[in-house]
Amino acid sequence: MASKNLPMREALRQALMEEMRRDERVFVMGQEVGQWQGTHRVTAGFLDEFGKKRVKDTPISEMAIGGLAVGAAMAGLRPVAEFMTINFAFLALDAIVNHAAKIHYMFDGMFKVPLVFRAASGWGNQATATHSHTPEPIFAHFPGLYVACPATPADAKGMLKTAIRDENPILFTESIALYPKPGPVPEDDDFTLPIGKAEVKREGKHVTLITYARGLEWSLAAAKELAKDGVECEVVDMRWLRPLDMDTVYESFKKTNRAVVVEESLPMYSFGSEIAARLQEDMFDYMDAPIQRVTSMDVPLPYARKIELMALPDKDKVVEAVKRIV
């Protein structure tokens, strides 16, 4: 399959545009998605091609965006609603977790809610504590809502196309730090990736690094450095926090018997906590060392650049965690 090197934001733009051309029920909505062409430029050119009927600039009200998206999906459309950043999705929690995630269940399957909430997530380069959340695990807590966290441009394209075509509500998170990072992207209008399927991004035999989104970048860099000392890390990119593909994790852990979980989120009640608990419950006989976790520090993310970076995970922290258990 032919591919082209694209930054993640362009891969997302390509996926969204292809799906809007394929299915006239798909429309985009959110603050500044039309005339301003998207805060992160993912919807650049959309208003010119699809017009105001399918590219909706909304008021500054995340609750209104969420509620309108849920209603449109129930009525037979397929909205892709953008929250400028995931920090503002907290204002739409009722629409997301009390309605989108539960309507299909509460109405005994009579209604479907096929929508995608897109949200930029994570470190925003001195965006301050209230604009630097990585709260994907919070949303993954709720049954009925899928949570996608791509780490590469190709995954971003394939996962977004699948999300738009799916019949379930999906929170699709996009790491702000990864928007400009390039990678090969298949040039295929029907390139999709399955929901809830992790992928081994690097083979190894000594330690399993389990991660998602920006954590993949730190994990691969750490694996490359550790390989110089003869420590071969297997890197598992979860890609989806719900559904959670533990089978791929278990198969890797059976081979390595050690694991480090790497995430940009906070440590309390986290993705890493869930993975560690599952491994302890289901893979105890294979465990040769305690599960290690690498997360952001348990503080609101500081503004000053040096201490902001100090509070975040990085390659060196992953290396240190691996060295503690080998």
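Residues numbered from 1 in each chain as written. Predicted model: local features only at pLDDT ≥ 70, side-chain atom pairs only at ≥ 80, totals over all residues. Heavy atoms only, no water.

Asker: Could you give an account of the side chain of arginine 118, naming the residues involved and the relevant values?
Answerer: Mapping arginine 118 onto the fold places it in strand 5 (residues 116-121). The buried category is assigned to arginine 118, whose relative accessible area is 3%. Side chain to side chain, arginine 118 and glutamate 82 meet in a polar contact 2.8 Å long. Beyond its immediate chain neighbours, meaning those up to four positions away, arginine 118 contacts Val42, Val80, Ala81, Glu82, Phe83, Leu160, Phe172, Glu174 and Tyr179. (Helix = DSSP H or I, 4+ residues; strand = E, 2+ residues; numbered from the N terminus. Buried < 20%, exposed > 50% of the residue type's maximum accessible area, 1.4 Å probe, protein only. Polar contact = N/O pair within 3.5 Å; in protein donor to acceptor, adjacent residues only side chain to side chain. Contact = heavy atoms within 4.5 Å.)

Asker: If you had to explain the packing of aromatic side chains to someone new, which residues and values would you point to?
Answerer: Counted according to the given criterion, the structure contains 5 aromatic pairs. Geometrically, the ring pair formed by phenylalanine 83 and phenylalanine 117 is stacked, given 5.5 Å between the ring centres and 15° between the ring planes. Taken together, the positions of phenylalanine 83 in strand 4 (residues 78-83) and phenylalanine 117 in strand 5 put the pair 34 residues apart, joining distant regions of the chain. In this structure, phenylalanine 83 and phenylalanine 117 share a single accessibility class: buried. (Phe/Tyr/Trp six-rings, centres within 6.5 Å; stacked < 30°, edge-to-face > 60°.)

Asker: Which residues make up the domain arrangement of the protein, and what values go with them?
Answerer: Examined at the domain level, the protein breaks down into domain 1 (3-186) and domain 2 (199-325). Centre-to-centre, using C-alpha coordinates, domain 1 lies 26 Å away from domain 2. Listed as interface residues are 30 residues of domain 1 and, on the opposing side, 26 residues of domain 2. Between domain 1 and domain 2, a total of about 2300 Å² is buried, with carbon and sulfur atoms accounting for 59% of that surface. The tally of links between domain 1 and domain 2 comes to 3 salt bridges. Lysine 181 serves as the salt-bridge partner of glutamate 217, at 2.6 Å between the closest nitrogen and oxygen. Taken together, the connections running from domain 1 to domain 2 amount to 16 residue pairs in polar contact (both at pLDDT 80 or more). Elements supplying a minimum of two residues to the side of domain 1 that touches domain 2: helix 6 (136-140), strand 6 (146-148), helix 7 (153-165) and strand 7 (170-175). Classifying every residue of the side of domain 1 that touches domain 2 gives 18 nonpolar, 9 polar and 3 charged. (Domains from an automatic or database assignment. Buried area = accessible area lost by both parts, 1.4 Å probe. Salt bridge = Lys/Arg side-chain N within 4 Å of Asp/Glu carboxyl O. Nonpolar A, V, L, I, M, F, W, Y, C, P; charged D, E, K, R; others polar.)

Asker: Account for empty space enclosed by the protein, with residues named and values stated.
Answerer: Rolled over the atoms, a probe with the dimensions of a water molecule shows which regions are left empty. According to the stated counting rule, one finds 1 cavity of 30 Å³ or more in the structure shown. One number sums up the size of the largest cavity: a volume of about 40 Å³. Lining the largest cavity, in full, are Ser121, Thr134, Glu136, Cys149, Pro150, Thr173, Glu174, Ser175, Ala213 and Glu264. Looking at the lining of the largest cavity, the element that brings in the most residues is strand 7, giving 3 residues. Grouping the constituent residues of the lining of the largest cavity by class yields 3 nonpolar, 4 polar and 3 charged. (1 Å grid on protein atoms, 1.4 Å probe; cavity = no way out; pocket = protein on both sides within 12 Å on 5 of 7 lines; lining within 4 Å. Points joined across faces, edges and corners; volume = space filled by probe spheres on them.)

Asker: I'd love a proper account of the sheet that holds strand 4, names of residues and values included.
Answerer: Strand order in the open sheet formed by 7 strands is 3-2-4-5-7-6-12, with mixed pairing between adjacent strands. Edge strands, defined here as strands with exactly one partner in the open sheet, are strand 3 (55-57) and strand 12 (240-242). Neighbour-to-neighbour, the strand axes of this sheet turn through a mean angle of 20°, independent of strand direction. Across 2 bridges, strand 6 lies against strand 12 in antiparallel orientation. The residue bridging alanine 148 from the neighbouring strand is tryptophan 240, located in strand 12. Most of the contacts of helix 7 go to strand 7, to which it runs at about 160°, and overall it touches strand 2 (26-30), strand 4, strand 5, strand 6, strand 7 and strand 12. (Pairing = 2+ DSSP bridges. Axes fitted to C-alpha atoms, helices over the stretch in contact; angles between N-to-C directions.)

Asker: Explain the packing of helix 3 (residues 62-74) against helix 4 (residues 93-100) to me, and be specific about the residues and the numbers.
Answerer: At their nearest, the axes of helix 3 and helix 4 sit 7 Å apart, and the two run at 30° to each other. For the element pair helix 3 / helix 4, the angle class is roughly parallel. Packed against helix 3, whose contacting residues are Met63, Gly66, Gly67 and Val70, the element helix 4 presents Asp94, Ala95, His99 and Ala100 at the interface. Of the residues belonging to the contact of helix 3 with helix 4, the class tally is 4 nonpolar, 3 polar and 1 charged. (Parallel < 35°, antiparallel > 145°, perpendicular 65-115°, else oblique.)

Asker: Describe the sheet that holds strand 11 (residues 233-237), and please don't skip the residues or the numbers.
Answerer: Within the open sheet, the 5 strands sit side by side as 9-11-10-13-14. Their pairing is mixed. In this open sheet, the two strands that pair with only one neighbour each are strand 9 (199-202) and strand 14 (292-294). Each neighbouring strand pair of the sheet contributes to a mean axis angle of 25°, computed without reference to strand direction. Packed on one face of the sheet, helix 12 (residues 315-323) meets strand 10 (207-211), strand 11, strand 13 (259-262) and strand 14 and runs near 175° to strand 14.

Asker: Give me the side chain of glutamate 264: which residues, what numbers.
Answerer: Among the structural elements, glutamate 264 can be located in the loop between strand 13 and helix 10 (271-282). Only 2.7 Å separates the side chain of glutamate 264 from the backbone nitrogen of tryptophan 123, close enough to count as a polar contact. Not counting the four nearest positions on each side in its chain, glutamate 264 is found in contact with Gly122, Trp123, Thr134, Ser175, Arg214, Trp218, Ser296, Leu312 and Pro313.

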